[in-house]
Amino acid sequence: MNHSDRHTRRVVEPAGRAVPNNAAQHAVQNNVVQNAVRKHAAEKHVVQKRKEKNVKLRWGALTLAGVLALAACGAESGAPSAKAGADGGGDGGSLVWAVETQPITFNPHQWGQNKARLLVHNQFDALIARGGNGEFLPWLATSWKVSEDGLTYTFELRDDVTFHDGEKFDAASVKANLDQLVSPGYNAALSAIQLRNFEKAEATAPYTLKVTLKAPDGLFLDFLSSPYAGQVSPKSLKNAKDLKAGGVDVVGTGPFILDRFTPGQEVHYKRNPDYKWPPTGAAHQGPAHLAEITYRFLSEAAVRVGALTSGQVQVIEGVPATEIGLIKSDPELKLETSLNSGSAFSYYFNVSRPPFDDKRVREAFRDAVDVDAVLNSVYQGTAKRAWSVIGQGSPQFYDPSLEKTFGNDPERANRLLDEAGWKERDAEGFRVKDGKRLTVRTVNAAPFVRDRRDVLAQAVQAAVKQSAGIDFQVKIVDQGTAQKAVEDNEYEIFENSRGDTDAGAALNLILAKDAAINRTKFGSAELDKLLADASAASDVAKRKELYAKVQKTVITDEALLLPLYVPADQIAYSASVTGITFEPVSGTPNGAYDIRIGT
C-alpha cells in the first residue's frame, strides 16, 4: 500500500474557528456532499452522464470500446441474443442478463460476493432451502433429525439426483463436500466460523448422512442452506484444474450447466435436461424453462441501463438511482427491489493504530457525517439508512433502539477532537497533532466495490473534511494490494457488508476477537461470549436478546463502526420476462430456474 505523499512542511494554525449550528451545518454539509458527488461524477463519468440524460439510452450510442468489443465477442462465440430469447416464448428460448460484478470464483465453497450469489444456485443445489418465513425446507435432503443434545444431525437424502458429470449424489458425496470444506488451506474463514463446531460426517447408509458436532450450533442448518453448501461433484473435488476458482470442470447438480466463461465479458449456462429436484416451494417441477442464459459483466450502470432499454439484454441488476424514474415510466419495463439480509454496509474503525485507538476520534468521525445528506446526494432517496451493524433486512435481530442515537453532530465532533489533542490545523484546513495530519485511509479491492460505494466514499470524504478537518483518503486497488494493506495493518477504515441469511454468521466473522475478517482489531472476552452464546442458542427470542447486547457494545459502548446503508438489490427487466424473484431470507435475486419468457 502506498503511504500518503502529503508529508511536506505545513503551515499550522489554531483550530478554534466558529462552528455553525446544526441546522446551518446540515445545509453546509449537504452542499459539500453534493459538490463532492458532482465533482466525482465529472471526473469519472462525464461521458456516461451525457448519455444517461437521454430518455432512452441506445446501445449503439454507447461508444465505449469495451462494450462494443463485448457485443462483438458475444456474437462471435454464439452467445444468445435478446431477440432469440424474445422469439422463444414459453418454455425454451434464451435470456441475457447484465450484472454489475464478475465473480472472482465459480466454486460455491469459495463464494464471497453477494452480488454473485444469484449465479450459485443455477449450477449448485444445497441440502436445505428456506421458506418465505425463514423456515428450513427440504431440498436435496428430504428430512433431518436433531438429537436432544444438539450434537447429532441425521439427514435422509434424495436418491434420484445426479451431478452434471454423471456422478451419483449420495451420502458419500455430501461427506466428501464437508470434508473438503474443513481441509487445511481450502477456506480457512469458513472452517473457523460456520464449521467451527463440525467434528465429522458419516455415510451410515447410501442415502443417510450422520453429522456430529463438537458443540450445539444454532447456525448449522443456516449454513447448509447457504451458497457455501452447494454440492460439488466428488470427481470435481479431486480432478478440477483450479478447484478454488471453479469453472466448467467444477460441476454441481443444479438446473443449469456452466459451459462457457469469458473473463471480463460473460458467462453462459445451458439447461440441465435431467433436472427434477428443485427445492420445496419452487414454482414448477422438472427442467428449467429457459434453454440457456447468458450473464454479461457490465460494470457501468449507464451501460447496463442502455443495454436494457435498447433490447440488447432482457434483465439487469444494480439499477442506479438516477435511472429508477426512467425504468418506472416505461410500460415495457418492470422494476423490483429487495433489502438484503446480514450486516449493513459500514465503515469499521481499526482501533489497533492511531487515530482510531482513541474512542473520541471514532465518535468524532461518526458525528462529522450527516449520513442522511450523504445518502440522499449519492442515491437520491433510494438507500435505506443503517443504524447498526445488523441491517433492517434482518428484522429478527435488528435493534431499532439504536436509531438516532449518534451521528450528525459536528459541534460535538470538533469538541471531541479538541479534547483528543487535535487542536491545530494546517494550511489546507486539516487537523494536526504533533506535526502529523489527522489522516485515515480506506483501501478497497475493486471486485468488491458495488452500489457506487466509490462515489459514497468521495461524499463522506468531503463531509468529514468540511465538518471536522479529517483527511479521509480513499483508495481502490487490485485484490493483491488490498490484501497486503490488511496484512501490513496499513489502513484505518475497513468497508464491508455481508449478505448472510443469518446475521449471526456475519457478526461471528466480523466482531469476534480472532474472527477471519475482524478488521477493527478489537477484542473482548465479554463480546466473544455473547456471540458464542447467541450462535449456540436455538431460541430466536434468546438470540435476539443476546444480539441486542452485541449491537449496543459495538455501536454505543465502543463506537467501532459507522453504519451507512442497508444493501439492496434492484432488478429491472422486460415485461415479457416472468419468474423474477428474490430469495425470501437473503433478499438477493434467485437463480434462473423459474424464469421464463412470455406466459
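What you are looking at is a predicted structure, and each value in this text was computed from that prediction instead of being measured.

Draft legend 1. Just the pattern of salt bridges, in detail. Applying the stated rule across the entire model yields 28 salt bridges. With its nearest N and O atoms 2.8 Å apart, the salt bridge here joins Glu492 to Arg353. Residue Glu492 is located in the loop between helix 15 (479-487) and strand 21 (493-496), and its partner Arg353 is located in the loop between strand 14 (345-349) and helix 11 (359-367); the two are separated by 139 residues in the primary sequence. Taking the relative accessible area as the measure of exposure, Glu492 reaches 2% and is therefore buried. Salt bridges linked by common partners bring Arg353, Arg441, Glu490 and Glu492 together as one network.

Draft legend 2. Structural context of the packing of aromatic side chains. Tallied over the full model, the rule gives 22 aromatic pairs. Between Phe349 and Phe356 the ring centres are 4.5 Å apart and the planes differ by 35°, which places this aromatic pair in the tilted class. Residue class for Phe349 comes out buried when judged on its relative accessible area of 0%. Both rings, one in Phe356 and one in Phe365, keep their centres 5.9 Å apart while their planes meet at 85°; by these two values the pair is edge-to-face. As far as the burial class goes, Phe356 and Phe365 line up, both buried.

Draft legend 3. Inspection of the sheet that holds strand 5 (residues 141-146) at higher detail. With antiparallel pairing, the 4 strands of this open sheet are ordered in space as 5-6-8-7. The strands lining the two open edges of the sheet, one partner per strand, are strand 5 and strand 7 (198-205). Looking at each pair of strands side by side, their axes are set apart by 20° on average, direction ignored. The pairing of strand 7 with strand 8 (residues 208-213) spans 6 bridges and is classified as antiparallel. Its bridge partner lying in strand 8, Lys200 is registered against Thr212. Sitting on the sheet, helix 5 (residues 171-181) touches strand 6 (152-157), strand 7 and strand 8, and the angle it makes with strand 7 is about 165°.

Draft legend 4. Highlighting the sheet that holds strand 23 (residues 568-574). Pairing in this open sheet of 7 strands is mixed, and the strands run 9-10-11-2-12-23-13 from one edge to the other. Taken across any chain shown, the strands that pair with only one partner, and hence form the sheet edges, are strand 9 (256-262) and strand 13 (333-339). Here the average twist between neighbouring strands, direction ignored, is 20°. With 6 bridges connecting them, strand 2 (residues 94-99) and strand 11 (residues 292-297) associate as parallel partners. Bridged to Ala98 within strand 11 is Arg296.

Reading the values: the criteria
- Residues numbered from 1 in each chain as written.
- Predicted model: local features only at pLDDT ≥ 70, side-chain atom pairs only at ≥ 80, totals over all residues.
- Heavy atoms only, no water.
- Salt bridge = Lys/Arg side-chain N within 4 Å of Asp/Glu carboxyl O.
- Helix = DSSP H or I, 4+ residues; strand = E, 2+ residues; numbered from the N terminus.
- Buried < 20%, exposed > 50% of the residue type's maximum accessible area, 1.4 Å probe, protein only.
- Phe/Tyr/Trp six-rings, centres within 6.5 Å; stacked < 30°, edge-to-face > 60°.
- Pairing = 2+ DSSP bridges.
- Axes fitted to C-alpha atoms, helices over the stretch in contact; angles between N-to-C directions.
- Contact = heavy atoms within 4.5 Å.

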